[in-house]
Amino acid sequence: MEEDYVFKIVVIGDSAVGKTQLLGRFTRDEFFLDSKSTIGIEFQTRTVDVARRRVKAQVWDTAGQERYRAVTSAYYRGALGAVLVYDITRRRTFEHAARWVDELRAHADKSIVVMLVGNKADLPRAVSADEAAAFAEEQGLFFSEASALSGDNVERAFLRLIEEIHANV
Ligand code: GDP
Ligand code: MG
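Since this is a predicted model, take the numbers as computed values, not measurements.

(A) The arrangement of the site of ligand 1 in detail. Taken together, the neighbourhood of ligand 1 is formed by 18 residues, with A16, K19, T20, D122 and A148 sitting nearest. Within the backbone of Q21, one N or O atom sits 2.9 Å away from an oxygen atom of ligand 1. One nitrogen or oxygen atom from the main chain of L149 is found 3.1 Å from an oxygen atom belonging to ligand 1. Contact with the protein chains covers 81% of the free accessible surface of ligand 1, which is 570 Å². The dominant element in the shell around ligand 1, judged by the number of residues it contributes, is helix 1 (residues 19-28), at 3 residues. Classifying every residue of the shell around ligand 1 gives 6 nonpolar, 7 polar and 5 charged.

Laid out in structure tokens, this is it:
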């Protein structure tokens, strides 16, 4: 069956926070032990039902470009949603979230809906959920912790983002 909407969603955040694994978990319900296996793939899709509409989520991966600060404006073009990922075990990746928000404000559409995801929730934390929730609120982002490894909250975070985008279209 044809979809009613296609939503482009970009995944951003520092290197090794788990962007590729979150994307794989949401689109295929898989976790790869060898992350390199997905390098080069630009996006993956998954179709979900939202409010009786079929929505194809086209989820884009940076494919390692974030390492060289080479995420270009083409990556953000047409994106309706963003998943901004940090790693709850590495504080610096959370501190860098503000930079990624600046990147979005500079390159993405003003109405882009953003889900801040604190990944690796299966590991001991270096960032409290309260602190991250406060940052998200201040910046106007939705927020969830998740684990791409266990799968906890991954589907829920993506679906919430898709619902919020849908509510805006
Ligand atoms: P990316 O550079 O942001 O795309 O990060 P990757 O998806 O390649 O993941 C980086 C590393 O973190 C890999 O070794 C993954 O196996 C690991 N990883 C990703 N997500 C999780 C998670 O939720 N929990 C744990 N424990 N490890 C994870
Ligand atoms: Mg990656």
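(B) Up close: the sheet that holds strand 3 (residues 53-60). Judged by pairing direction, the sheet is mixed, and its 6 strands sit side by side in the order 2-3-1-4-5-6 without closing on themselves. Sheet topology places strand 2 (43-50) and strand 6 (142-145) at the edges, where each strand pairs with a single neighbour. Taking the axes of each pair of neighbouring strands and ignoring which way they run, one obtains an average angle of 25° across the sheet. Where strand 1 (residues 5-13) and strand 4 (residues 81-87) come together, 5 bridges link them in parallel fashion. Note on strand 4: the bridge partner recorded for I12 is L84.

(C) Structural context of the pattern of salt bridges. In this structure the tally under the stated criterion is 9 salt bridges. The salt bridge involving E155 is made with R46; its shortest N-O contact spans 3.0 Å. Remark: R46 occurs in strand 2 and E155 occurs in helix 6 (residues 154-168); sequence separation between them is 109 residues. Assessed through its relative accessible area of 22%, R46 is described here as partly exposed. In this structure, the salt-bridge partner of R54 is D49, at a minimum N-O distance of 3.1 Å. We classify R54 as partly exposed; its relative accessible area is 25%. Under the relative-accessibility criterion, D49 is labelled exposed at 55%. Shared partners join several salt bridges into a network, and the residues in it are D87, R90 and K120.

(D) Just the environment of D109, in detail. As for its position among the elements, D109 is in the loop between helix 4 (97-107) and strand 5 (113-119). For the pair D109 and F143, spaced 34 residues apart in sequence, the C-alpha separation works out to 20 Å. A distance of 2.7 Å separates the side chain of D109 from the side chain of S111, its partner in a polar contact.

What counts and what doesn't
Residues numbered from 1 in each chain as written. Chains lettered and ligands numbered in written order. Predicted model: local features only at pLDDT ≥ 70, side-chain atom pairs only at ≥ 80, totals over all residues. Heavy atoms only, no water. Near = heavy atom within 4 Å. Polar contact = N/O pair within 3.5 Å; in protein donor to acceptor, adjacent residues only side chain to side chain. Areas by Shrake-Rupley, 256 points an atom, 1.4 Å probe, with all protein chains shown as cover. Helix = DSSP H or I, 4+ residues; strand = E, 2+ residues; numbered from the N terminus. Nonpolar A, V, L, I, M, F, W, Y, C, P; charged D, E, K, R; others polar. Pairing = 2+ DSSP bridges. Axes fitted to C-alpha atoms, helices over the stretch in contact; angles between N-to-C directions. Salt bridge = Lys/Arg side-chain N within 4 Å of Asp/Glu carboxyl O. Buried < 20%, exposed > 50% of the residue type's maximum accessible area, 1.4 Å probe, protein only.

It is worth stressing that arrangement in space is one thing and function is another; only the former is reported here.
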